[in-house]
Amino acid sequence: MPSVSLLLLSLLSLLSLSSSQSPSGTLIDCGTVNVYTINGLKWLPDNDYVTGGIPKNVTVAVAVPTLSTVRSFPNKLHQKFCYVVPVFRGGKYLVRTTYFYGGVNGRDSPPVFDQMVDGTFWSEVNTTVDYVHGLASYYEGVFLAQGKHMSLCIGSNNYTDSDPFISALEFVPLEESVYNSTDFGKFGLRLIARHSFGYSGADNIRYPDDPFDRFWEPLVDNKKPEPGNLNVSVSGFWNLPPSKIFKTALATRPAERMELTWPPVFLSSSRYYIALYFADNPSSSREGTRVFDIIINGIPYHRNLNVTPDGVAVFATHWPLSGATNITLNPAPGSNKGPLINGGEIFQVLELGGRTLTRDVIVSLYGPSFLVAVIALETLRNSLQNPPLDWSGDPCLPHGYSWTGITCTYDRRIRIVTLNLTNMGLSGSLPSNISRLTALSGIWLGNNNLSGTIPDLSSLMRLETLHLEDNQFSGEIPSSLGKIQSLRELFLQNNNLTGQIPSSLIKPGLNLKTSPGNQLSSPPPS
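Residues numbered from 1 in each chain as written. Predicted model: local features only at pLDDT ≥ 70, side-chain atom pairs only at ≥ 80, totals over all residues. Heavy atoms only, no water.

## Thoughts on the pattern of salt bridges
Stage number 1. As enumerated under the stated definition, the model contains 15 salt bridges in all.
Stage number 2. The partner of K244 in a salt bridge is D209, and the shortest N-O contact between them spans 4.0 Å. Taken together, the residues K244 in the loop between β17 (224-227) and β18 (248-251) and D209 in the loop between β15 (187-197) and β16 (217-219) connect sequence positions 35 residues apart.
Stage number 3. Classification of K244 by relative accessible area gives partly exposed; the value is 28%.
Stage number 4. You can call D209 partly exposed: its relative accessible area is 34%.
Stage number 5. A salt bridge links D280 to K337; the shortest N-O distance between them is 2.9 Å. Here D280, found in the loop between β20 (267-278) and β21 (291-296), pairs with K337, found in the loop between β24 (326-331) and β25 (340-341); they are 57 residues apart in sequence, far enough to count as distant.
Stage number 6. Take D280: its relative accessible area is 4%, and that puts it in the buried class.
Stage number 7. Residue class for K337 comes out buried when judged on its relative accessible area of 7%. (Salt bridge = Lys/Arg side-chain N within 4 Å of Asp/Glu carboxyl O. Helix = DSSP H or I, 4+ residues; strand = E, 2+ residues; numbered from the N terminus. Buried < 20%, exposed > 50% of the residue type's maximum accessible area, 1.4 Å probe, protein only.)

Here is the structure:
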């Protein structure tokens, strides 16, 4: 049986959250070069947060500045391009992406593609229906910041037929109490629907009514909307809904049940976080109690809910749903007021995709022990003057979206096992911290323009193949390479190496190539 929690609140002694408080997160207008403020919210250009992609102007007129530009990324199957945004480690963030195609690819229909947060697949992005109706599409989720940065990545899947794009990206910190019944160390939340019942306004309820700028869409249905409670204090509600959603409601007559099909979409078979909000109207002409049962798809969700003017929220953290969802509010015997509902939120519960093993990853992967030191791939990326454009976010996750040139294993632990950047026009050096990639069995860096000395790689005890040929490496060949018992192939030709070939490398089973192109002498006879 799914678990349900009840939050009953006597709020008269609590101070309400100031509606003038501005979200303190990072709001990014993708593709623009301007900083501007609209409706009290400051938007930033995206150049400081992303590598790769090109800014484009949409080809249709728009009224909202954030929809006038996009950043477009190459359509390369299972290659991701990531925004990396500074955050507060341990903070809980509302992440929202906005997409408005605007004809930027020269085709009538927008592409379909994937979006990811850190190492977790978030959702497929399909904006076709909204775009046909002239609308932008937005996606919202709630995720924990496990380090000092979070990444939002865009990637092409098998259905992508033109370049993926993004219009806007937001990271907004949430207060501790918001959605706090979820274990965000294991799960994230993907928004399915958020509605203010009985509200018929033309625009969503959002900031400044909602301090986190969550979007509460209007929903009237075919039920009777009625005035709600104008004086509900919301600061004690764990999820801090805006007080405006309690000003309207859907209600029935006394002794009459309410039937709702909500959310108004078919759901995939999964587990869902559901939060429903209620507050009685103290100015109602009828005195008495408003008590009812909540039933979802025939299963009791909460019994004998007593709705008072102080307000009540009922939520479930892992409720199984599939297909259409029917909510029944059934009046309890003796209740002389009919059922009433003011608002609702429903999220799909996402299992996090995990993290690549700490010693193998860069600081933007946000595992709990990432503050120990600068680690291998960050150092390698920074040592290259022109690293691959998709080298941001998690190098191995989600599955199928590893970085260019990297092969990972996905067994009990996720590890990086090969590094192949052959013939990619790279310049820079090979840092010593590459030796921390202890699961590597093969390194192919041939035919680039890498320079400097070859570092000590003796800790790579699984290394079988090392190709550094056709570069500009200088100095001596490290004798420590001879300590790698598993090494079977070592190609060093066409560099600027000098000195004597270490005797430890003259051994059976090792295919060693050092010429032409170096100034090396043979080791003395043994």
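## Topic: the sheet that holds strand β34 (residues 489-491)
Stage number 1. The strand order β27-β28-β30-β32-β34-β36 describes an open sheet built from 6 strands, whose pairing is mixed. Since the sheet does not close on itself, it has two edges, and those belong to β27 (406-410) and β36 (511-513), each with one partner. Within this sheet the neighbouring strands show an average axis-to-axis angle of 15 degrees, counted without direction.
Stage number 2. Inspection of the sheet shows strand β32 (residues 465-467) paired to β34 by 3 bridges, in the parallel sense. Note on β34: the bridge partner recorded for T465 is E489. (Pairing = 2+ DSSP bridges. Axes fitted to C-alpha atoms, helices over the stretch in contact; angles between N-to-C directions.)

## Some thoughts on the nonpolar core
Inside soluble globular proteins, nonpolar side chains tend to come together where they are buried.
Stage number 1. Within the largest apolar cluster, 38 residues are counted, with the highest numbers of intra-cluster contacts made by L419 and L466.
Stage number 2. Elements with a minimum of two residues in this core: α2 (376-383), β27 and β28 (414-420).
Stage number 3. Setting aside residues up to four positions removed in sequence, L466 forms contacts with I443, L457, L481, L487, E489, L490 and F491.
Stage number 4. With 35 residues, the next largest nonpolar core counts V70, F81, F165 and L352 among its residues. (Core = buried A, V, L, I, M, F, W, Y, C linked by side-chain atoms within 4.5 Å. Contact = heavy atoms within 4.5 Å.)

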